[in-house]
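Residue-level structure breakdown
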Amino acid sequence: MQGAFAEHVRALEKSGARTRLVRTREDLEGLDGIVLPGGESTTMTMLMERAGLLEPLREAIAGGLATFATCAGMIVLARDVVDGMADQRGLGLLDVAVRRNGYGRQVDSFEAELDVTGLGGKPFPGVFIRSPLVESAGSTEVMARLDGHAVAVRQGRIVALCFHPELTGDLRLHREFVKLAAS
Amino acid sequence: MKGSFKVKAGLAQMLKGGVIMDVVTPEHARIAQEAGACAVMALERVPADIRKEGGVARMSDPDLIRSIMEAVTIPVMAKCRIGHFVEAQILQALGIDYIDESEVLTPADEENHIDKHPFKVPFVCGCRDLGEATRRIAEGAAMIRTKGEAGTGNVVEAVRHARAVNAGIRKLQGLNHAELVHEAKLIGAPVDVLEECQRLGRLPVVNFAAGGIATPADAALMMQLGVDGVFVGSGIFKSEDPLKRAKAIVAATTYYDKPERLAEVSAGLGKAMDGLEIPSIPKDGLLAARGW
């Protein structure tokens with residue numbers, strides 16, 4: 001709908017997936033997985049609501065559609081959003097509480113190396129841009145932490161990140177997601 | 001590590017497919033956010049009023065900028081004068097999310113733009129063609145926009161600038177390295193940035209349309225010409241029904257290639273802002289000519 005979708009498309013196609021942009025409910029049909037990209041969570045949620053996409057998407061993800069959410073995508077999925085717009089309603093499917101822009105404004109955006117569970121080899125380059133802060137990771141499985149806070153979580157067929165692998169050229173997380181979607 | 005070029009350019013990547021709206025009050029900012037803007041530009045006067053009232057146009061009062069930052073959760077941008085690096089330092093100190101080094105304000109330096117690399121806050125700059133775009137990127141701009149002719153409600157200049165950038169990039173595709181160096185000389189472009197444009201087949205940073213966009217169709221036109229998103233300045237709050245028009249322009253930017261959706265959202269919006277024919281503007285009143 002809005003955000004860094006083109007960057008995800010490139011990373012997924014390099015990881016061997018075929019892709020389609022989802023802007024209407026019809027676009028949801030026949031997917032093995034969906035990416036909720038980084039962008040502005042308020043904008044994305046409103047656009048999905050106006051397009052009648054929010055409910056079908058909620059059903060699809062609740063029904064087991066593999067989901068890869070980055071940054072704003074994590075906010076859209078979260079059970080609790082702190083400091084969102086008063087009437088910001090999301091999907092409420094991921095058992096985390098997040099604070100919007102919890103690491104500060106753009107001048108506080110940063111890069112940091114992360115150890116992510118299940119990824120061998122070198123640390124993963126974490127690019128954090130006006131990132132949400134996970135205040136509680138609930139029942140989710142934490143895949144990476146930074147300064148004590150979860151920055152990557154998994155819950156069933158949902159993987160959600162505070163950072164932006166699509167901006168890095170490191171395809172390991174996209175490859176893992178393509179495997180998850182195919183399974 | 002804070003303020004790297006990756007995180008500066010990265011925020012612009014998060015704004016893609018979105019609409020950035022000029023606002024002059026916290027109330028405007030809330031309307032823009034409710035309409036689905038992905039960011040707002042905090043200003044004292046929209047370009048149409050700057051054009052009408054004349055005089056030196058400067059950075060906005062920090063109190064106004066702060067009040068707009070407090071009113072919304074989406075990113076807030078603000079403008080500084082071309083070359084006025086102290087206005088930029090002040091905006092960074094306020095914690096603004098993006099600085100527009102803008103020809104809409106009166107230039108403070110007739111030769112130099114701001115050296116944008118040392119700043120932690122990212123910059124967006126206007127351009128009329130590929131040479132200008134690549135010079136701004138070399139100075140550290142993390143996002144580019146067309147200049148258009150701000151405050152006119154006339155999209156013709158934005159179209160000219162977007163097409164000029166596209167044509168400039170297409171021309172690179174057939175050039176060998178020696179020819180690329182020659183082209184760089186002709187258009188006043190830094191060779192390394194031009195090489196990157198050739199390799200990518202596009203600008204290496206996000207590229208938005210700006211200047212004269214007044215209708216949903218204008219926004220969709222710019223998107224179909226290949227820009228990543230749009231700025232709307234005077235077009236929203238100088239129109240009859242700002243919230244409705246703002247929502248329609250957001251929808252048109254998402255569904256820019258779906259004419260049926262564009263027909264739906266274009267209907268019943270009330271009166272658009274008053275427009276200006278470009279030839280009716282005296283030569284020294286053209287904002288796009290500012291910037292070097």
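Provided above is the structure to which this section pertains.
Computed from a predicted structure; not experimentally measured.

Let us look at the overall build of chain B. A tally of regular secondary structure across chain B gives 13 helices and eight strands. Here chain B has a C-alpha radius of gyration of 18 Å; the compact-globule value for 292 residues is 19 Å, and the two agree. Along the first, second and third principal axes, the C-alpha atoms of chain B reach 55 × 45 × 45 Å. Looking at chain B as a whole, 60% of its 292 residues qualify as buried. In chain B, the proportion of contacts linking residues at least 24 apart, taken out of those at least 6 apart, comes to 67%.

Further remarks concern the state of the cysteines. Overall, the coordinates contain zero disulfides over all chains when judged by the stated rule. Of all cysteine sulfurs, the one in Cys 125 of chain B lies closest to Cys 127 of chain B, which takes part in no disulfide; the gap is 9.5 Å.

Here we take up the pattern of salt bridges. Using the criterion set out here, one finds 33 salt bridges over all chains in the structure. Residue Glu 135 of chain A is joined to Arg 99 of chain A by a salt bridge in which the shortest nitrogen-to-oxygen separation is 2.7 Å. With a gap of 36 residues between them, Glu 135 of chain A in strand 7 (residues 133–136) and Arg 99 of chain A in strand 4 (residues 94–99) connect regions that are remote in the sequence. Residues participating in the shared-partner salt-bridge network are Lys 79, Asp 100, Glu 103 and Arg 145 of chain B.

Turning our attention to the packing of helix 10 (residues 216–224) of chain B against helix 12 (residues 242–254) of chain B. To characterise two packed helices, one gives the angle between the axes of the helices and the distance between these axes. All names here are of chain B. Between helix 10 and helix 12, whose axes approach to 8 Å, the crossing angle comes to 25°. Between helix 10 and helix 12, the angle falls in the class roughly parallel. Crossing angle aside, the handedness with which helix 10 passes helix 12 is right-handed. When helix 10 is examined against helix 12, the residues Pro 216, Ala 219, Ala 220 and Met 223 are found in contact with a partner set consisting of Arg 245, Ala 248, Ile 249, Ala 252 and Thr 253. Of the residues that constitute the contact of helix 10 with helix 12, the class distribution is seven nonpolar, one polar and one charged.

The interface is formed by 38 residues belonging to chain A together with 40 residues belonging to chain B. Counting the surface lost from both chain A and chain B, the interface buries some 3,000 Å², and carbon and sulfur atoms represent 52% of this. Taken together, the links from chain A to chain B amount to five salt bridges. Summed over the shared surface of chain A and chain B, the result is 26 residue pairs in polar contact (both at pLDDT 80 or more).

All names here are of chain B. Strand order in the open sheet made by the eight strands is 7-6-5-4-3-2-1-8, with parallel pairing throughout. One side of each edge strand has no neighbouring strand; the edge strands of this open sheet are strand 7 (206–208) and strand 8 (230–232). For this sheet, the mean angle separating the axes of adjacent strands, direction not counted, is 30°. Sheet topology note: the strand 3 (residues 76–81)/strand 4 (residues 98–102) ladder contains five bridges and is parallel. For Met 77, the partnering residue across the bridge sits in strand 4 and is Tyr 98.

A word on the nonpolar core. Counting 104 residues, the largest nonpolar core has Phe 128 and Phe 163 of chain A together with Met 21, Leu 91, Ile 96 and Met 222 of chain B as its most contacted members. Not counting residues up to four positions away in its chain, the partners in contact with Phe 128 of chain A are Ser 109, Phe 110, Ala 112, Leu 114, Leu 146, Val 151, Cys 162 and Phe 163 of chain A together with Val 7 of chain B. Listed in part, the 29 residues of the second largest apolar core include Val 127 and Leu 167 of chain A together with Met 41 and Ala 48 of chain B.

Another aspect to go through is the side chain of Arg 130 of chain A. Structurally, Arg 130 of chain A is set in the loop between strand 6 (124–128) and strand 7. Judged by relative accessible area, which is 6%, Arg 130 of chain A ranks as buried. A polar contact is formed between the side chain of Arg 130 of chain A and the side chain of Asp 97 of chain B, at a distance of 3.0 Å. Once residues lying within four places of it in the same chain are set aside, the contact partners of Arg 130 of chain A are Glu 40, Cys 71, Asn 101, Gly 104, Arg 105, Gln 106 and Ser 109 of chain A together with Leu 11, Thr 73, Ile 74, Pro 75 and Asp 97 of chain B.

The rules behind these values
Residues numbered from 1 in each chain as written. Chains lettered and ligands numbered in written order. Predicted model: local features only at pLDDT ≥ 70, side-chain atom pairs only at ≥ 80, totals over all residues. Heavy atoms only, no water. Helix = DSSP H or I, 4+ residues; strand = E, 2+ residues; numbered from the N terminus. Rg over C-alpha atoms; globule rule 2.2 N^0.38 Å. Buried < 20%, exposed > 50% of the residue type's maximum accessible area, 1.4 Å probe, protein only. Contact = heavy atoms within 4.5 Å. Disulfide = S-S within 2.5 Å. Salt bridge = Lys/Arg side-chain N within 4 Å of Asp/Glu carboxyl O. Axes fitted to C-alpha atoms, helices over the stretch in contact; angles between N-to-C directions. Parallel < 35°, antiparallel > 145°, perpendicular 65-115°, else oblique. Left-handed = near helix turned anticlockwise from the far one by under 90°. Nonpolar A, V, L, I, M, F, W, Y, C, P; charged D, E, K, R; others polar. Buried area = accessible area lost by both parts, 1.4 Å probe. Polar contact = N/O pair within 3.5 Å; in protein donor to acceptor, adjacent residues only side chain to side chain. Pairing = 2+ DSSP bridges. Core = buried A, V, L, I, M, F, W, Y, C linked by side-chain atoms within 4.5 Å.

Geometric descriptors of this kind do not, in isolation, establish any biological role.
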